[in-house]
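Results of the structural survey
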Amino acid sequence: MSNKNKKKIAVLVSGGGSNLQSIIDNIEQGNLNCEISYVIADRKCHGLERAEKHGIKNILLDRKVLKEKLSDEISNVLENDDEKTDYIVLAGYLSILSPEFIKKWSRKIINIHPSLLPKFGGKGMYGMNVHRAVIEAKETESGCTIHFVDTGVDTGEIILQIKVPVLSDDTPEILQKRVLEKEHVLLIEGIKKLLEN
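Reading the values: rules and limits
- Residues numbered from 1 in each chain as written.
- Predicted model: local features only at pLDDT ≥ 70, side-chain atom pairs only at ≥ 80, totals over all residues.
- Heavy atoms only, no water.
- UniProt positions renumbered as here; feature names shortened; annotations may be inferred.
- Phe/Tyr/Trp six-rings, centres within 6.5 Å; stacked < 30°, edge-to-face > 60°.
- Lys NZ or Arg CZ within 6 Å of the ring centre and 35° of its normal.
- Pairing = 2+ DSSP bridges.
- Helix = DSSP H or I, 4+ residues; strand = E, 2+ residues; numbered from the N terminus.
- Axes fitted to C-alpha atoms, helices over the stretch in contact; angles between N-to-C directions.
- Contact = heavy atoms within 4.5 Å.

Looking at an unreviewed UniProt entry, the chain carries the name Phosphoribosylglycinamide formyltransferase, with the source organism given as Leptotrichia rugosa. Under the heading Catalytic activity (unreviewed entry), UniProt records this for the chain: "N(1)-(5-phospho-beta-D-ribosyl)glycinamide + (6R)-10-formyltetrahydrofolate = N(2)-formyl-N(1)-(5-phospho-beta-D-ribosyl)glycinamide + (6S)-5,6,7,8-tetrahydrofolate + H(+)".

1. Quick look at the packing of aromatic side chains
For the coordinates displayed, the defined rule picks out 1 aromatic pair. A cation over an aromatic ring shows up here: R107 above the ring of F148, its NZ or CZ 4.3 Å from the ring centre.

2. Concerning the sheet that holds strand 5 (residues 109-113)
The strand order 3-2-1-4-5-6-7 describes an open sheet built from 7 strands, whose pairing is mixed. Edge strands, defined here as strands with exactly one partner in the open sheet, are strand 3 (58-60) and strand 7 (158-165). The sheet shows a mean angle of 20° between the axes of neighbouring strands, taken without regard to direction. With 3 bridges joining them, strand 2 (residues 34-41) and strand 3 adopt parallel strand pairing. Residue pairing in the sheet places I40 in a bridge with I59 of strand 3. Contacts from helix 2 (residues 46-53) reach strand 1 (7-13), strand 2 and strand 3, with the element oriented near 155° to strand 3.

Below is the structure:
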């Protein structure tokens with residue numbers, strides 16, 4: 001059933017997988033011209049169930065078990081697969097990939113981050129931590145960023161951004177919902193750009 005001409009992306013997840021679902025939906029609707037070769041998770045999460053439900057190959061590579069061998073194991077999975085993976089999309093993936101892995105896949109890995117980088121990026125800045133920090137800093141806007149992954153944390157070249165307003169009565173949870181809606185849109189645009197590379 002696999003189409004040899006279509007580019008293949010591996011999607012790495014750590015959580016609920018709503019961005020993964022957006023990718024799956026857009027592929028099924030014909031809005032995204034690629035296939036998902038693999039969904040790889042670093043912990044048990046709903047993202048794996050979403051992959052399973054859509055008949056997508058998936059694997060749990062537990063970061064607590066594999067520790068510093070995690071990136072090597074991801075390489076093993078992707079390189080020993082008949083479906084040659086072209087690109088890697090980090091969709092809420094929280095583990096840090098090794099510098100060797102990133103160099104090998106240079107300009108082929110993108111990440112989505114829930115802030116307007118370079119603001120609110122770096123170590124410890126993920127999930128609700130980001131939205132809390134944005135509100136505490138009294139920012140008037142936030143948003144999300146698609147960027148290439150380099151060996152720093154959230155420091156790679158920015159590809160696309162979407163802004164959202166931060167309202168005076170926002171809680172981190174409300175802001176997260178507003179940003180996540182835009183993430184689903186931006187991620188698809190980012191993947192399209194990657195596929196045109």
